[in-house]
Amino acid sequence: MLTLSVVVLGALLLMGCKNYNKILKGTDAELQYKTGLEYYGKKKYSKAQSLFERCVPVFRVTQRADSLGYYLSDCYFHTSSYVLAGYSFDQIVQNYPRSVFAEESMYMSAFCLYKASPRPSLDQEYTMKAIAGFEQFVEMYPTSKRTADANMYLKELYHKLLTKSYKAAWQYYWQRNYRAAVAALQHSLMEYPTTPYREEEMYLLTKSAYLLAVNSVESKQRTRFQNTVDNYLSFISEFPSSKHASEVSQYYVNSMKALGLEPNADLVR
């Protein structure tokens, strides 16, 4: 009895597969669209995608174009083709700005790029594009039910950029490339002044500036020791109780002495 059931089930599956392939390879776009919707409703996105793709040339200039585009884009998303899905959703926004699918498509375009955004150590092109997409969405649809999520993802994406900026600068410091570290840390602090890494970056900037001065040729030391003093004064004014205060105070003292000046005792921690 069990064997018979398995045989029947197998036969039905085979018939279903043959029927699907027949529809897919056929020329009846209406049937392909309706069958695609059936598979879409059953969350069989890969099969639905193939059927929808066959329909695109036929329905491109019809009233069904935006809905077909949305369903196809959503199939790309659910099959993890995030970059393609993001582009496809964006095309709906660009080509059908008054469509009922426009708002959701704008959000999903940005969300797809968010999903494609890699870890901080890698290139952040998709992160930047996702940020631009979410910012545009929030501006366009400030009262949307999706706005809270968009703002949440924006914070996460911004933090990823902050982390990348900090780690890139730290890498130069770790490699003892103090000149590059100083430049990278200055750029990071200028680009992201409210970064949660601000204290650590200003500490590393002061330390890197000092070590750069110490290891410089004599003709460049005076300017670089003065830069160390300037960086220290900025650091200690912002973070007087920092765990690094005692350490960087010594860089200040040594730099002042190298400049032939007396350190201000009130500034030493």
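As a reminder, the structure under discussion sits directly above these lines.
Here the residue numbers are simple positions, counted from 1 along each chain's written sequence. Residue-level local features of this predicted model are given only where pLDDT is at least 70; pairs of side-chain atoms are given and counted only at 80 or more, and the full residue set underlies all totals for whole chains, interfaces and linings. In computing side-chain properties, one takes all heavy atoms of the structure into account and sets aside hydrogens as well as water.

*Asks:* Kindly report on the overall build of the protein chain, identifying the contributing residues and their values.
*Replies:* What the protein chain contains, in helices and strands, is 12 helices and zero strands. Note on method: radius of gyration uses C-alpha positions; expected globular size equals 2.2 Å times residues raised to 0.38. Computed over its C-alpha atoms, the radius of gyration of the protein chain comes to 30 Å, more than 25% above the 18 Å expected for a compact globule of 269 residues. Within the protein chain, buried positions represent 43% of all 269 residues. Sequence separation of 24 or more characterises 53% of the internal contacts of the protein chain that already satisfy a separation of 6 or more. With residues, only the protein chains shown are counted as cover, and all accessible areas are computed by Shrake-Rupley using a 1.4 Å probe. Total accessible area on the protein chain is roughly 15800 Å²; 55% of this is exposed by carbon and sulfur atoms. His is not counted here, nor are the chain ends, while Lys and Arg score as positive and Asp and Glu score as negative. Lysine's charge is taken at NZ, arginine's at CZ, aspartate's at CG and glutamate's at CD. The protein chain carries 31 positive and 25 negative side-chain charges, and their two centres are separated by 9 Å. We count a stretch as a helix when DSSP gives it H or I for four or more residues in a row; a strand needs E for two or more, and each element gets its number in order from the N terminus. Type-normalised accessible area, obtained with a 1.4 Å probe on protein chains alone, sets the label of each residue: buried when under 20%, exposed when over 50%, and partly exposed for intermediate values. Contact criterion: two residues are considered in contact whenever any of their non-hydrogen atoms come within 4.5 Å of each other.

*Asks:* Can you break down the packing of aromatic side chains residue by residue, with the values?
*Replies:* Here a Phe, Tyr or Trp ring, Trp counted by its six-membered ring, pairs with any other such ring whose centre lies within 6.5 Å, and the pair is stacked when the planes are under 30 degrees apart, edge-to-face when over 60, and tilted otherwise. Scanning the model with the defined rule gives 28 aromatic pairs in all. Taking 6.0 Å as the distance between ring centres and 10 degrees as the angle between the ring planes, the aromatic pair formed by Y107 and F111 counts as stacked. Note that Y107 and F111 are positioned in helix α6 (residues 102-116) at a spacing of four residues, about one turn of the helix. Ring geometry for F235 versus F239: centroids 5.7 Å apart, planes at 45 degrees, classification tilted. F239 matches F235 in its accessibility class, with the two residues each being buried.

*Asks:* Describe the side chain of S165, with residues and values.
*Replies:* Among the secondary structure elements, S165 is positioned in helix α8 (residues 147-174). Each residue touching S165, except ones within four places of it in the same chain, is listed here: S188, Y192 and E201.

*Asks:* Tell me about the side chain of S117, residues and numbers included.
*Replies:* Looking at where S117 falls in the secondary structure, it is placed in the loop between α6 and α7 (125-140). N or O atoms closer than or at 3.5 Å make up a polar contact, with two conditions inside protein: a donor-capable atom paired with an acceptor-capable one, and, for residues adjacent in sequence, both atoms drawn from side chains. At 2.9 Å, the side chain of S117 forms a polar contact with the side chain of K160. The contact partners of S117, leaving out residues within four places of it in the chain, are Q124, Y126, T127, L157 and K160.

*Asks:* Which residues make up the nonpolar core, and what values do they have?
*Replies:* F52, F89, Y107, F111 and F134 are the most contacted members of the largest nonpolar core, which totals 41 residues. By residue number, the principal contributor to this core is α6, which donates eight residues. In terms of nonpolar packing, the next biggest core, distinct from the first, is built from 31 residues, Y178, L204, L205 and Y252 among them. Note on terminology: a nonpolar core comprises buried Ala, Val, Leu, Ile, Met, Phe, Trp, Tyr and Cys residues joined through side-chain atoms within 4.5 Å.

*Asks:* Explain the state of the cysteines residue by residue, including any values.
*Replies:* Cysteine sulfur atoms that pair up within 2.5 Å are treated as a disulfide. If you walk through the whole model with that rule in mind, you get zero disulfides. With no disulfide of its own, C55 lies closest to C75 among cysteine sulfurs, the gap being 11 Å. We classify C55 as buried; its relative accessible area is 0%. Counting only cysteine sulfurs, C75 is the nearest neighbor of C112, a cysteine outside any disulfide, at a range of 12 Å.

*Asks:* Describe the pattern of salt bridges, with residues and values.
*Replies:* For salt bridges, the criterion is a side-chain nitrogen of Lys or Arg within 4 Å of an Asp or Glu carboxyl oxygen. One pass over the full model with this rule turns up five salt bridges. Linking R146 and E104 is a salt bridge whose minimum nitrogen-to-oxygen distance equals 2.5 Å. Separated by 42 residues along the polypeptide, R146 in the loop between α7 and α8 and E104 in helix α6 bring together distant segments of the chain. Taking the relative accessible area as the measure of exposure, R146 reaches 22% and is therefore partly exposed. Here K207 ties to E247 by a salt bridge, and the two come within 3.3 Å at their closest N and O atoms. In this pair, K207 is assigned in helix α10 (residues 198-214) and E247 in helix α12 (residues 245-258), connecting sequence segments 40 residues apart. For K207, a relative accessible area of 15% gives the class buried. For E247, a relative accessible area of 29% translates into the label partly exposed.

*Asks:* So what about helix α3 (residues 45-59)? Which residues, and what values?
*Replies:* Relative to the 21 Å expected for 15 residues at 1.5 Å per residue, α3 spans 20 Å between its end C-alpha atoms, a close match to the ideal helical length. Note that bend, as reported per residue, equals the angle between axes fitted to the 7 residues terminating at that residue and the 7 residues originating from it. By the largest-angle criterion, E53 marks the main kink of α3, which is about 25 degrees, and a proline, P57, follows within four residues. Turning to α3, its buried residues are Y45, A48, Q49, L51, F52, C55 and F59. Expected helix span is taken as 1.5 Å per residue step, with the number of steps being one fewer than the number of residues.

*Asks:* Before we move on, can you summarise the packing of α8 against α10 with the specific residues and values?
*Replies:* All axes here are fitted lines through C-alpha atoms, helices being fitted over the stretch that makes contact, and every angle between N-to-C directions spans 0 to 180 degrees. For the pair α8 and α10, interaxial distance at closest approach is 11 Å and the crossing angle is 25 degrees. If you check the angle between α8 and α10, you find them roughly parallel. As for how α8 packs across α10, the hand of that crossing is left-handed. Where α8 abuts α10, its residues S165, Y166, W170 and Y173 lie against E200, E201, L204, K207 and S208. Under the scheme applied, nonpolar residues are Ala, Val, Leu, Ile, Met, Phe, Trp, Tyr, Cys and Pro; charged residues are Asp, Glu, Lys and Arg; polar residues are all the others, including Gly. Tallied by class, the residues present in the contact of α8 with α10 amount to four nonpolar, two polar and three charged. Each angle is binned into one of four classes, with values under 35 degrees roughly parallel, values over 145 roughly antiparallel, values of 65 to 115 roughly perpendicular, and all other values oblique. Handedness of a helix crossing follows the sense of rotation of the near helix relative to the far helix, less than a right angle counterclockwise being left-handed and clockwise being right-handed.

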